[in-house]
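# A structural walkthrough
Chain by chain, the residues:
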Amino acid sequence: MSKNETVYDVVIVGTGISGAILAKELGGKGYSVLLLEAGVPMPHGREALVENFFLDIRKLPESPFPDNKFAPSANVKDLITPSVRDPSHGYLDQSDATIPFGSTYERRAGGTMWHWMGTSLRFLPNDFRMKDTYGRGTNWPIAYKELAIESRREDGSSYYDLAEDEIGVSANVADQTIGNPKDGEPLYRSSRKYPMPAIPLSTVDQFFKNGVRGMKFDGLDVWHYATPAGRNSRPYKNRRACAGNTNCVPICPIQAKYDPTVTLHAAFNYRGVFAHFQSIATRLLVREGTNEIDSVEFIQYGSSTEKSLSPPQIARGRVVVLAANGIETPKLLLNSGIGNRHFKNGNIGRNLMDHPFYIRWGLAPEKVYPYRGPLSTGGLDGLRDGAFRKDRSAFRIEIGNDGWRLPKSDPADTLIDLVDKNVFGKDLVLQLNDILTRQVRIGFELEQLPDPNNRVSLSTHKDAAGIPRPKIQYSVSEYESKGFAAAARLTNDLFARLGIDDKSTNRDLVTTKEWQGGKYDFMGAGHIMGTCRMGISSADSVVDRNQRSHDYTNLFIVGSSVFPTGGTANPTLTLAALAFWASDTIDAKLKGK
Amino acid sequence: MDVNQREEIFLQLSASLTGIAVSSFAPIDRGANIPGQIAKVGDLEARNSPIRLAPVYLQLLDSWNDGKAIEEALARTAAIKAPRTIQELINEFMQHAELGPLCKSIIKLWYLGVWYAPDQHGIASHVVSSQAYVESLVWKVMQAHPAGYSMGVFGHWSDIPPSLDSFVTIVK
């Protein structure tokens, strides 16, 4: 093992948004920071990635991003093959999963947010106290107001404000407070304005917005709202306004959508911030006789096609931060426990959650012109909170601007269907135009309760670098199944009200839940949460309310793996807000406070 | 048939199959608002030629089954005389064991930029090129733009798009 005596103030594993925010915040305060990234560095431009997308017939979330032999990751290709449960195949070992885990990620500088949608919703106050309010799940050890209202900077910014400003969120506060606060609790600081005005609603949104006026579901008001988005509605921080490429997932060709390379570039402007790319963290090493992490062991590779792994090296930090993701972070912790007495916290890797994503689609009675604008610009709200959460999952409803791209790989499938029925010439043009301009699709993101049996552990199968691959156990419970049933019922009401011809069919996905006679195809939302959750003590959690390990005083874990419950909001904004919180805690620790 | 005649007949057949006039095979030129990031698609001058993809597609068709089927389809298209219409001829092709699948592959090439070998029954082999993808017709027929290649301005998605005939000229 090579000796390296450099001691950084902070060593961060992972360069997604959490790692990037920590590097920028702490680098800006003059600390020395070393980032370790298992994947490839930031590209000089995105032309080659866009070209990869154009040329991949499958148009999957991972299409732009080349496979990396030494830093493999969960991907959709593995899920759409019959061998999804064969542990010698693919990356995740899903041989014991009741239902395969459907979310995927990228291991590369900037992380999975290269292909995030951009949705930047805040959680709701009750999301932080599910146990107290509804007797379900668990409480967070922090309250909504600590993220949303309390001042954390001289200008009064809250952690949510800081996250929204860093990402560059386009939204109007007034749109986001319709119907809230039900219990009088403020959702925003009184002077709060988003950094940019809302993204204009698509023609598809306008159809739904007009159609749901006055709609109720189980006594709850349903209304349409513009989704807060990490996409520019005007030039912001040297990036241009959205041009409506309808391609937020898998890659915005003009970077009008935020991705963490923006924050990484800003971090690298500070002279104390360094990074090792193609550097796979393998283990955390504990300083003998203490409850402190001494260093991170890592190996490097020169090219992902050659056998060129370096011997193990060491990165020393006064503070160590794990910012990989909800699967890679627990994997690293568990791998650190092999052969020594450390990392025995039984909660590591448990309570894996996602937002099971249930979609329905149909033909509108009029032309609504999808396949234009950002992938989604609005949704239906009013269903994210209420007394029904005692009984079933809450959900948010996303309205797609991408026609049947998700359920049917359209527009290709509809074209092929018609052509194979011998339709050609003028008939083909008119029939295609009629179908494709009327396609609508909605998607429900369901809250999934924490369940200790849903977990990440270590497989006996190893990756090309010799590291155990993640093994997944996963299912959805009766609580979520009742949520699926409510979503299906709501769809029937909604489609009838709007005159939408329901074209949804079962797609025989590997991720299908059968429950009380219903069959619910769902997909992963890419929201990997809960595997190193925060709580009161090591008896029920891995980190405390400051995201510091209960067991090691200089170890921090950031990202959605610390979420005790998942709510219905896409996790990015909340985990970014928590990264700012962690940076303040680490700053205080390094100052000796 | 020399190369130019051959291409001309191929375009005539393609227009009748797709339902879209050859003039609409050219990419929509919206002037200077082409994203500079996508350099490989070609410069503006090259973009104005409607037939850049024709030789590429012909080459693929020639490579299938020794090129016999495409040769027969082109010869019969070239030989057509009034009062027979090309629609009648294509109806005949569609019932033919080899020419039917060939014609469907031609339609899929122009509409999607994807090569489906005629005997593979829907199993796609590959996207022909990024140029074929961004110029594929299906996006025009839905009055939209290729995913990942918008050329539109901010906010255009909140207005109804221009009419179908401003995207394509439909053959009679």
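What you see is a predicted model, and the numbers here were worked out from it, not measured in a lab. All residue numbers refer to position in the chain's written sequence, counted from 1. The order in which chains are written sets their letters, starting at A; the order in which ligands are written sets their numbers, starting at 1. Note on the predicted model: pLDDT of at least 70 is required for a residue's local features to be given, and 80 or more for side-chain atom pairs to be given and counted; whole-chain, interface and lining totals, by contrast, use all residues. Hydrogen atoms and water are omitted, and side-chain values are computed over all heavy atoms in the structure.

### What to know about the overall build of chain A
Heads up, the rule is: Only DSSP runs of H or I covering at least 4 residues are called helices, and only runs of E covering at least 2 are called strands; the numbering of each starts at the N terminus. Every radius of gyration here is taken over C-alpha atoms, with the globule rule written as 2.2 Å times N^0.38, N being the number of residues. Note on contacts: a residue pair qualifies if any of its non-hydrogen atoms lie within 4.5 Å across the two residues. Surface exposure here means Shrake-Rupley accessible area, sampled with a 1.4 Å probe, where a residue is shielded only by the protein chains that are shown. Charged residues are defined narrowly, with Lys and Arg counted positive, Asp and Glu counted negative, and His plus the chain ends left uncounted. A charged residue contributes its charge at one atom only: NZ of Lys, CZ of Arg, CG of Asp or CD of Glu.
Broken down by element type, chain A carries 15 helices and 19 strands. Relative to a compact globule of 593 residues, whose C-alpha radius of gyration would be 25 Å, chain A shows 23 Å and is just as compact. Its C-alpha atoms give chain A principal-axis dimensions of about 75 × 55 × 50 Å. Within chain A, counting contacts between residues at least 6 apart in sequence, those at least 24 apart form 74% of the total. Carbon and sulfur atoms make up 48% of the accessible area of chain A, which totals about 20,100 Å². Looking at charge distribution, chain A has the averaged site of its 72 positive side-chain charges lying 2 Å from that of its 67 negative ones.

### Some words on the overall build of chain B
As a reminder of what qualifies: Think of it in three bands: with a 1.4 Å probe and only protein chains considered, a residue is buried below 20% of the maximum accessible area for its type, exposed above 50%, and partly exposed in between.
When its secondary structure is counted, chain B shows nine helices and two strands. Along its sequence from the N terminus, chain B presents helices and strands in the succession α-α-α-α-α-α-β-β-α-α-α. Among the 172 residues that make up chain B, the fraction classed as buried is 54%. Excluding contacts between residues fewer than 6 apart, the proportion of contacts in chain B whose partners are at least 24 apart in sequence is 62%. Carbon and sulfur atoms form 55% of the exposed surface of chain B, whose accessible area is close to 7,500 Å².

### A short note on the pattern of salt bridges
All names here are of chain A. This is how it is decided: Any Lys or Arg side-chain nitrogen located within 4 Å of an Asp or Glu carboxyl oxygen qualifies as a salt bridge.
Under the criterion given, the structure shown has 48 salt bridges over all chains. Between Arg-153 and Asp-584 there is a salt bridge whose closest N-O contact spans 3.0 Å. Of this pair, Arg-153 sits in the loop between α5 (144–148) and α6 (159–167) while Asp-584 is found in helix α15 (residues 572–590), placing the two residues 431 residues apart along the sequence. Look at Arg-153 and you get partly exposed, because its relative accessible area is 22%. With a shortest N-O distance of 3.0 Å, Glu-164 and Arg-192 are connected by a salt bridge. Of this pair, Glu-164 sits in helix α6 while Arg-192 sits in the loop between α7 (173–176) and α8 (203–211); the two residues are 28 residues apart in sequence, bridging distant segments of the chain. Relative accessible area serves as the criterion here: at 9%, Arg-192 is assigned to the buried category. Taken together, the shared-partner salt bridges in this structure form one network comprising Arg-122, Asp-161, Glu-164, Asp-165, Arg-189 and Arg-192.

### Thoughts on the sheet that holds strand β12 (residues 395–399) of chain A
Residue and element names in this part refer to chain A. Stated precisely, the cut-off is as follows: In this analysis, strands are considered paired if DSSP registers two or more bridges between them.
In space, the six strands of this open sheet follow the order β5-β11-β12-β13-β10-β16, with antiparallel pairing throughout. This sheet does not close on itself; its edge strands, each paired only once, are β5 (223–226) and β16 (501–502). For strand β10 (residues 357–363) and β16, the ladder comprises two bridges, and the chain directions are antiparallel. The residue bridging Gly-362 from the neighbouring strand is Asp-502, located in β16.

### A short note on the environment of A:Gly425
Tracing the chain through its elements places A:Gly425 in helix α13 (residues 425–436). For A:Gly425, a relative accessible area of 4% corresponds to the buried category. Excluding anything up to four places from it in sequence, A:Gly425 contacts B:Ser16, B:Leu17, B:Thr18 and B:Gly19.

### Focus on the packing of aromatic side chains
We apply this condition: Between the rings of Phe, Tyr and Trp (Trp by its six-membered ring), a pair exists once the centres lie within 6.5 Å; its type follows the angle of the planes, with under 30 degrees stacked, over 60 edge-to-face, and the other angles tilted.
Tallying each qualifying case throughout the model produces 30 aromatic pairs over all chains. Taking the centre distance of 5.6 Å and the plane angle of 85° together, the rings of A:Phe123 and A:Phe563 count as edge-to-face. You can see A:Phe123 sitting in the loop between α3 (76–79) and α4 (130–134) and its partner A:Phe563 sitting in the loop between β19 (555–557) and α15, a full 440 residues away along the chain. Here A:Phe123 matches A:Phe563 in class, with each residue buried. Judged by centre distance (6.5 Å) and plane angle (75°), the rings of A:Tyr371 and B:Trp139 are edge-to-face. Linking A:Tyr371 in the loop between β10 and β11 (378–381) with B:Trp139 in helix α8 (residues 138–141), this pair reaches from one chain into another. On the basis of relative accessible area, A:Tyr371 is assigned to the buried category, the value being 4%. Put simply, the rings of A:Phe53, A:Phe54, A:Tyr371, B:Tyr133, B:Trp139 and B:Tyr149 pair up and form one aromatic cluster.

### Side note on the interface of chain A and chain B
Where we set the bar: Summed over both partners, buried area is the accessible surface (1.4 Å probe) that two parts give up on being assembled. In protein, a polar contact means a hydrogen-donor-capable atom and an acceptor-capable atom, both N or O and within 3.5 Å, with residues adjacent in sequence counting only if both atoms are side-chain atoms; elsewhere, any N or O pair within 3.5 Å suffices.
Contact residues are listed per partner, giving 52 residues for chain A and 54 residues for chain B. By the criterion of area lost to chain B, the three top residues of chain A are A:Phe54, A:Arg372 and A:Phe424, representing 17% of everything that side buries. At the junction of chain A with chain B, the criterion picks out one salt bridge. Notably, a salt bridge pairs B:Lys108 with A:Asp420, separated by 3.1 Å at the nearest N-O pair. One can count 18 residue pairs in polar contact (both at pLDDT 80 or more) joining chain A with chain B. If one sorts the elements of the side of chain A that touches chain B by residue count, α13(A) sits on top with eight residues.

### A look at the nonpolar core
Here is the rule: For this analysis, a nonpolar core means a set of buried residues of the types Ala, Val, Leu, Ile, Met, Phe, Trp, Tyr and Cys, connected via side-chain atoms within 4.5 Å.
Core analysis: the largest hydrophobic core is formed by 78 residues, its most contacted members being B:Phe10, B:Trp110 and B:Tyr111. Ranked by the residues each element gives to this core, the list is headed by helix α6 (residues 99–112) of chain B, at nine residues. Those residues within four positions of B:Tyr111 in sequence are excluded, and the remaining contacts are A:Leu415, A:Leu428, A:Val429, A:Leu432, B:Thr18, B:Ile20, B:Ser136, B:Leu137, B:Val138 and B:Val141. Membership of the second largest hydrophobic core comes to 65 residues, among which are A:Leu284, A:Met534, A:Ile557 and A:Ala577.

### Quick look at the packing of α8(A) against helix α14 (residues 478–498) of chain A
Residues and elements named next belong to chain A. For the record, the criterion: Axes here refer to lines fitted to C-alpha atoms; in helices the fit is confined to the stretch in contact. Angles between the N-to-C directions go from 0 to 180 degrees. In what follows, roughly perpendicular refers to angles from 65 to 115 degrees, roughly parallel to angles under 35, roughly antiparallel to angles over 145, and oblique to any angle outside these ranges.
Relative orientation of the contacting elements α8 and α14 amounts to 95°, with a least axis distance of 10 Å. Here α14 runs roughly perpendicular to α8, going by the angle between their axes. Only Leu-494, Arg-497 and Leu-498 of α14 make contact with α8, whose side of the interface consists of Phe-207, Phe-208 and Gly-211.

### What about the packing of helix α1 (residues 3–18) of chain B against helix α3 (residues 53–63) of chain B?
All names here are of chain B. Selection rule: Under the convention adopted here, Pro, Cys and the residues Ala, Val, Leu, Ile, Met, Phe, Trp and Tyr are nonpolar, Asp, Glu, Lys and Arg are charged, and Gly plus all remaining residues are polar.
Two elements in contact, α1 and α3, have axes separated by 10 Å at closest approach and are oriented at 90°. One way to sum up the angle between α1 and α3 is to call them roughly perpendicular. Listed contacts from α3 to Arg-6, Glu-7, Phe-10 and Leu-11 of α1 are Ala-54, Pro-55, Tyr-57, Leu-58, Leu-61 and Asp-62. Split into classes, the residues belonging to the contact of α1 with α3 amount to seven nonpolar, no polar and three charged.

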